[in-house]
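Spelled out from the first residue to the last, the chains are:
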Amino acid sequence: MPIIHFHLAEGRYSEAQQRRLLVESSQLYAHVLRCPMDRVRAYLQFYPQRLVAVAGELVSEGTPDAPYFHFLVLEGRSLAERHALLTGFTDLIVDCLGVERSLVRGGCWPIPPEDWAIGGTPASVVRAAEVAARAATC
């Protein structure tokens, strides 16, 4: 279920920067959560610069972009894992895109396993053993 969404102003980042952010964020996710890479999804969502405002100023008028990200994890992931991802994704945005750290915002959305589907079946069923093992350690 590891899914990360990055929200960015369009036209600010090269294809190489975008690729690096997608690849390295996927690797970070798999590493921190100790999950197979085939479960990880990473997305870039772009917005026209004229539709992005930072501190009340439009990015199209020269204001720096202020990327935002959010990621999903099944409930039961530890606070340490969630914090490692918050810090890690922020670090990647700063490093890959050259954005000032203080402008980056991000959040974690924990999802109850019974409210997430994998191939149409609740994660609470498909991943029952993993969910139970995590619950036992938290």
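One structure accompanies this document, and this report is about it. These figures come from a predicted structure and were not determined experimentally.

About the cut-offs
- Residues numbered from 1 in each chain as written.
- Predicted model: local features only at pLDDT ≥ 70, side-chain atom pairs only at ≥ 80, totals over all residues.
- Heavy atoms only, no water.
- Helix = DSSP H or I, 4+ residues; strand = E, 2+ residues; numbered from the N terminus.
- Expected span 1.5 Å × (residues − 1).
- Buried < 20%, exposed > 50% of the residue type's maximum accessible area, 1.4 Å probe, protein only.
- Axes fitted to C-alpha atoms, helices over the stretch in contact; angles between N-to-C directions.
- Parallel < 35°, antiparallel > 145°, perpendicular 65-115°, else oblique.
- Left-handed = near helix turned anticlockwise from the far one by under 90°.
- Contact = heavy atoms within 4.5 Å.
- Nonpolar A, V, L, I, M, F, W, Y, C, P; charged D, E, K, R; others polar.
- Phe/Tyr/Trp six-rings, centres within 6.5 Å; stacked < 30°, edge-to-face > 60°.
- Pairing = 2+ DSSP bridges.
- Right-handed = clockwise from strand over helix to strand, strands pointing away.
- Polar contact = N/O pair within 3.5 Å; in protein donor to acceptor, adjacent residues only side chain to side chain.

Taking 1.5 Å of rise per residue, the 19 residues of helix H1 (residues 15-33) would be expected to cover 27 Å, and the 27 Å separating its terminal C-alpha atoms lies within 8% of that figure. Buried residues of H1: Gln-18, Leu-21, Ser-25, Ser-26, Leu-28, Tyr-29, Ala-30, Val-32 and Leu-33, and no others. Where H1 terminates, the next one or two residues include Arg-34, which has phi positive at roughly 50°.

Turning our eyes to something else, we now look at the packing of H1 against helix H2 (residues 79-97). Running from amino to carboxyl end, H1 crosses H2 at an angle of 160°, the nearest separation of the two axes being 10 Å. On the basis of their axis angle, the class for H1 and H2 is roughly antiparallel. In terms of crossing hand, the pair formed by H1 and H2 is right-handed. On H2, the residues that touch Gln-17, Arg-20, Leu-21, Glu-24, Ser-25, Leu-28, Tyr-29, Val-32 and Leu-33 of H1 are Glu-81, Ala-84, Leu-85, Gly-88, Phe-89, Leu-92, Ile-93, Asp-95, Cys-96 and Leu-97. Class assignment of the residues belonging to the contact of H1 with H2 gives a composition of 12 nonpolar, three polar and four charged.

The first and last C-alpha atoms of H2 sit 27 Å apart over 19 residues, in line with the 27 Å expected at 1.5 Å per residue. For H2, the full list of buried residues reads Glu-81, Leu-85, Gly-88, Phe-89, Thr-90, Leu-92, Ile-93, Cys-96 and Leu-97. In this structure, the buried residues of H2 make contact with strand S1 (3-9), H1 and strand S5 (68-74). Of the residues trailing H2, Gly-98 is marked for its positive phi of about 75°.

Okay, the packing of aromatic side chains next. When we look at a pair of aromatic rings, we describe it by the centre distance and by the angle of the planes. Inspection of the entire model under this criterion finds seven aromatic pairs. When the ring of Tyr-29 is compared with that of Phe-89, the centres are 5.3 Å apart and the planes differ by 80°; the resulting orientation is edge-to-face. In this pair, Tyr-29 sits in helix H1 while Phe-89 sits in helix H2, placing the two residues 60 residues apart along the sequence. With respect to burial, Tyr-29 and Phe-89 carry one shared label: buried. Geometrically, the ring pair formed by Phe-71 and Phe-89 is edge-to-face, given 5.3 Å between the ring centres and 65° between the ring planes. On the criterion of sequence distance, the pair formed by Phe-71 in strand S5 and Phe-89 in helix H2 is long-range, its members being 18 residues apart. Of the two residues examined, Phe-71 and Phe-89, each falls in the buried class. One aromatic cluster is present, built from ring pairs that chain together Phe-6, Tyr-29, Phe-69, Phe-71 and Phe-89.

It is worth spelling out the pairing of strand S2 (residues 41-47) at this point. The sheet contact formed by S1 and S2 spans seven bridges and is parallel. From the neighbouring strand, Ile-3 faces S2, where its bridge partner is Arg-41. Crossover handedness for the path S1 to H1 to S2: right-handed.

In this section: the environment of Arg-41. Along the chain, the position of Arg-41 falls in strand S2. A sequence separation of 59 residues divides Arg-41 from Glu-100, and the C-alpha atoms of the two residues are 25 Å apart. Among the polar contacts listed, one links the side chain of Arg-41 to the backbone oxygen of Asp-38, at a separation of 2.7 Å.

Following the sequence through the fold, His-31 ends up in helix H1. Judged by relative accessible area, His-31 falls into the exposed class, the value being 62%. C-alpha of His-31 to C-alpha of Leu-85: the two residues are 54 residues apart in sequence and 9.9 Å apart in space.

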